Amino acid sequence: MNERPGKAQTGTLSPDAYRGLVDRLPLTMRPALNQQLSQWSLLFPFEQNRVASLMKGIEAFSPSGLGAVTAPLWALEKKMGVKDWNFSETHDTIENASQLARSEYYSEWRREVQKVFDTVNAAAQSATPTAAERTRLIFLILPRSLPVSPQSVWRQWDPLGHEVRISDDSERLCELALQGQQDLVTLAAQQGGVESSDVWLIDAEAKLHSMLSNVSPIAASSLGYAALKPFRDRFLAELNQAPKDIQATDEIVAKLRLESWEGWGLWPAEIANQPRLRKFVIDLFLSGNGALIFSNAFVEWAVAEALRRARPRTIVARFGMRSKPKPFTSIAIFENQQRVSSLPDVDDPENSAVDAVILARYAWLAASRYPEQQQTLCICVSEHCDSAYVVPPAGKRLGWGPEHPIASEELYRWLTTQYLS
Amino acid sequence: MDPSRRNLLKATSVLLVEHLANSRKFAFAGEPVSASGRDERKVIVVACGGIRRAETFLDTGLENIPHLYHDLLPRSVFYPLIRNAGVTSHYNTISSILTGNWQRLDDWGKTPPANPTFFEYLRKRMALPQDAAWVISSNKALTSRIGASSIRDFGPRYGANVIFPKQLLINAVIQAASQGHPEHSADRVAMRQELEAILQHADNYEGLGWSVSGNESFLDLRMQSSMQQAIEELVRTNAPVTGDEFTLLISEEVMRRFSPSLLAITFSDVEVAHFGSYSMHLAGIRTMDRLVYELWNLIQELPAYRGRTTLFVLPEFGRDFDGSNTNGFFNHRSNNDSTNLTWLMCLGEAARSADVIERPIQHIDLCPTIAGMFGIEDLDLPGKRLPGLSS
């Protein structure tokens, strides 16, 4: 596995030097940055570059200049009484978040933090030319097992996109993307992509990784909810030991975050030798949002976090089936359903489809928060309906009238043309 | 609702209230156990978690609330714009509603509200007994401290009884699993044993959450056979059980036995949204809709409540908007109308003339409104009495 260090690692400053710069910032800006610096080797290149850029921006200011930029936030922290809080400067904690959120100045604080980030980032970027962006791809799959409603499946999607009817078996699209002669991983490699965090396969079940061609020239970051089951079960059991107390929970979360989790034999093969990806999974599970509980929530939240942290060029995400809640387990939903009930699992296709439809849209909305969205092609396929929703990159159009059905191969050919442009 | 499920929950709720009534004999010797027969106004506040207007009283959500929309709205005073200007967490919002002051407390209920609750104001001024005020909550984010403030002249002696019925079921499930008996959740006798064990050994009540302090607790043996039968039927159906169903059944039992003047019920099935299942969140909204209607019908049925009860129903807040950086419906953290703005429905005695009041109101307006209904007008509270209600 190639986990090429980012440019920031070979730059003039080291994480140790960055720590001195972080100390020049107001208290409430420090925990997240210090946490990233303490885990530098486990950050994705995008994250390292982003921190490096921010540090470059801080350096661009004289002490008095930075003081002027941060003065309103320092003053606000004084009014909030942050110095008197039990506030960690080294890590983000639940207690930090809780203290900030219940401050009467919380909204004002958020605005001031954003202002400082914007000003510092602007200073950094003014000296950094931006490279031309290649087309990015988000390919979302609602598998045939999910009986989505053809009338409503695309109703709330981005109005810039188009519903497209597929004239043959739409499952072929996924095969072409992962197993065809022009599969996405090969195409990415042909264009110089050699970093595993540039291509992500995220799966509610266990299909995508097994489909990936063995001869793919680079590895992708591959996460499967089903494949992670042994680790999930162990992790959930540990997490559920947390009492109803913020400080104690912070301690357990810190312990789980620092735990190596090696030697248990819990990791699937595709992750076992990738410490950065293992760390991503741990962070994902600790950040909640249902990633430990429901497979479709796992897919959506993993996509959102991969976009935020790695800003990959390509994401293929496949949603899936969840089981019906068993007696009693819907009231103890944070418990492992298989652990608390010996009844067999029963699929819940209709409600899984409801969940997957909104969460697929959320995946695209997560991408829409970043400037790279302008260069992003999104295609969401409902195999049950043999239809897709296609949002072309900004300024691009479909190569055919969306009112006409299109064959899978033809649609994939158009997709690859866009991707290579 | 599946009748066998209801049988289980019904049997368990009767059992729990019976158990509570027995323990109360020791905790409040000298006070009347039942307040029935008092001729007084009643107020019930139902807070139902985080629900967006988009899934309820906007066009996109009306299908989720058939009872609220078709059966109850036409006879209500309805406020489509109520703003939560405080911390949009459960403990802070519920305590803000109860106190009429925006509370900024530990989210996990480590500290009591920093201002007196309406339970305390009313119990102190009107010399209401302990069984006149109750909080019955599905929400595990609350603690029994929600029932009374930390203010010295008020506090627990004027506070409400607090019960967390859902916690009983959760404890039973977790206990079975932690002891390596997952089959207990699928076995009628075993599950009964789990429930009974929790009731019999809940010495400090913290697990079930009620604030009544007694040191005698035992299972009413008369209930055992009906419990067993109900669980047997439940297991046969392989159907899920929801915490809010159980919370309403406990509330019904408390209303029948104690006829409290002040009752706050909080539902939380909708909070499954935190785990990312939109379908289960919508199911929680539909359950809430049905349970509120059942509660309204019960109010019309019980002599102690009929014709003298005002019912307030409101979400605590909305949820974050689709596309927010807080992951949309999963959470309720963004400072945005989707999260801060929701609705309030008032039914019954104070809502004699149905109306829609579009003037924006706030969650902290409920406390002075409720106090005013009981003739207490001189409280120094930041909220204002709700417009459009009968005095």
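Residues numbered from 1 in each chain as written. Chains lettered and ligands numbered in written order. Predicted model: local features only at pLDDT ≥ 70, side-chain atom pairs only at ≥ 80, totals over all residues.

> Looking at this structure, how should I read the overall build of chain B?
Within chain B one finds 11 helices and nine strands. Residues classed as buried in chain B amount to 59% of the 391 residues present. Taking contacts inside chain B between residues at least 6 apart in sequence as the whole, the part at least 24 apart equals 73%. (Helix = DSSP H or I, 4+ residues; strand = E, 2+ residues; numbered from the N terminus. Buried ≥ 20, exposed ≤ 12 C-beta atoms within 10 Å, placed from the backbone. Contact = placed C-beta atoms within 7 Å.)

> Sorry if this is basic, but what is going on with the overall build of chain A here?
From N to C terminus, chain A includes 17 helices and seven strands. For chain A, the proportion of its 421 residues judged to be buried stands at 43%. Put simply, 75% of the contacts in chain A that link residues at least 6 apart link residues at least 24 apart.

> How do you make sense of the domain arrangement of chain A when you look at a structure like this?
Accessible area lost upon the coming together of the parts serves often as the stated size of an interface. Residues and elements named next belong to chain A. The domains assigned to chain A are domain 1 (7-125) and domain 2 (136-420). On a C-alpha basis, the centroid separation for the pair domain 1 and domain 2 is 31 Å. Each side of the interface is counted separately: domain 1 has 11 residues, and domain 2 has 14 residues. Contributing elements (two or more residues each) for the side of domain 1 that touches domain 2: helix H3 (45-60) and helix H5 (94-101). Across the side of domain 1 that touches domain 2, the residue classes tally to five nonpolar, four polar and two charged. (Domains from an automatic or database assignment. Nonpolar A, V, L, I, M, F, W, Y, C, P; charged D, E, K, R; others polar.)

> Is there a simple way to think about the sheet that holds strand E6 (residues 376-382) of chain A in this case?
In a beta sheet, neighbouring strands are held together by backbone hydrogen bonds and run either parallel or antiparallel to one another. Residue and element names in this part refer to chain A. Reading across from one edge, E2-E7-E6-E1-E5-E3-E4 is the order of the seven strands in this open sheet, with mixed pairing throughout. The sheet is open, and its two edges are formed by strand E2 (162-165) and strand E4 (221-224), each paired on a single side. Going across the sheet, the axis of each strand differs from the next one's by a mean of 15°, ignoring polarity. On top of the sheet, helix H16 (residues 349-367) reaches strand E1 (136-142), strand E5 (314-318), E6 and strand E7 (387-391); it is set at about 175° to E1, its chief contact. (Pairing = 2+ DSSP bridges. Axes fitted to C-alpha atoms, helices over the stretch in contact; angles between N-to-C directions.)

> Explain the environment of B:Asn139 here, please?
Residue and element names in this part refer to chain B. Note that asparagine 139 resides in the loop between strand E3 (133-137) and strand E4 (161-163). A count of 24 C-beta atoms within 10 Å places asparagine 139 in the buried class. As a C-alpha pair, asparagine 139 and glycine 243 span 104 residues in sequence and 8.9 Å in three-dimensional space. Look past the residues within four positions of asparagine 139 in its chain and what remains in contact with it is His90, Thr266 and Ser268.

> Honestly, the pairing of strand E1 (residues 42-47) of chain B in this entry has me stumped. Any pointers?
Residue and element names in this part refer to chain B. Within E1, six of the six residues are buried, leaving the element largely enclosed by the surrounding structure. The alternating pattern of E1 places Lys42, Ile44 and Val46 on one face and Val43, Val45 and Ala47 on the opposite face, and all of these are buried. The pairing of E1 with strand E6 (residues 309-314) spans six bridges and is parallel. Following the sheet pairing, isoleucine 44 is matched in E6 by leucine 311. Sheet topology places E1 next to strand E5 (residues 262-266); five bridges connect them, and they run parallel.

> Mind showing me how you'd approach the confidence of the model for chain A here?
Low pLDDT marks regions whose predicted coordinates should not be analysed in detail. The predicted model of chain A has a mean per-residue pLDDT of 88, with 90% of residues at 70 or higher. Here residues 1-10 of chain A scores under 50 on pLDDT; set against residues more than four positions off or in separate chains, the count is 22 contacts. (pLDDT = per-residue confidence, 0-100.)

> How do you make sense of the environment of B:Ala350 when you look at a structure like this?
Its place among the elements puts B:Ala350 in the loop between strand E7 (341-348) and strand E8 (355-356). The contact partners of B:Ala350, leaving out residues within four places of it in the chain, are B:Thr310, B:Met373, B:Leu389 and B:Ser390.

> What's the story with helix H17 (residues 408-420) of chain A in this structure? I'm lost.
Because each turn of an α-helix spans 3.6 residues, side chains separated by three or four positions in sequence point in the same direction. With 13 residues, H17(A) extends 18 Å between its outermost C-alpha atoms, agreeing within 8% with the 18 Å of an ideal straight helix rising 1.5 Å per residue. In this fold, the buried residues of H17(A) make contact with E1, E2, helix H7 (171-179), helix H8 (184-190) and E6 of chain A. (Expected span 1.5 Å × (residues − 1).)

> What is the right way to read the nonpolar core from this model?
Counting residues in hydrophobic clusters, the biggest one holds 180 residues, and the most contacted among them are A:Leu142, A:Ala302, A:Val303, A:Ala363 and B:Val46. Among the elements that make up this core, the one with the highest residue count is H16(A) (13 residues). Two domains share this core, each providing at least three of its residues, namely domain 1 (7-125) and domain 2 (136-420) of chain A. Core analysis: the next-biggest nonpolar cluster, separate from the first, contains 16 residues, A:Leu25, A:Leu33, A:Ala52 and A:Val120 among them. (Core = buried A, V, L, I, M, F, W, Y, C linked by C-beta atoms within 7 Å.)

> For this particular structure, what's the right way to read the pairing of E4(A)?
The side chains of a regular strand alternate, first on one face of the sheet and then on the other. All names here are of chain A. Side chains Ser221 and Leu223 of E4 all project onto a buried face; the interleaved residues Ser222 and Gly224 project onto the opposite face, where all are buried too. As judged from the four bridges shared by strand E3 (residues 199-203) and E4, these two strands associate in the parallel manner. Of the residues in E4, the one forming a bridge with isoleucine 202 is leucine 223.

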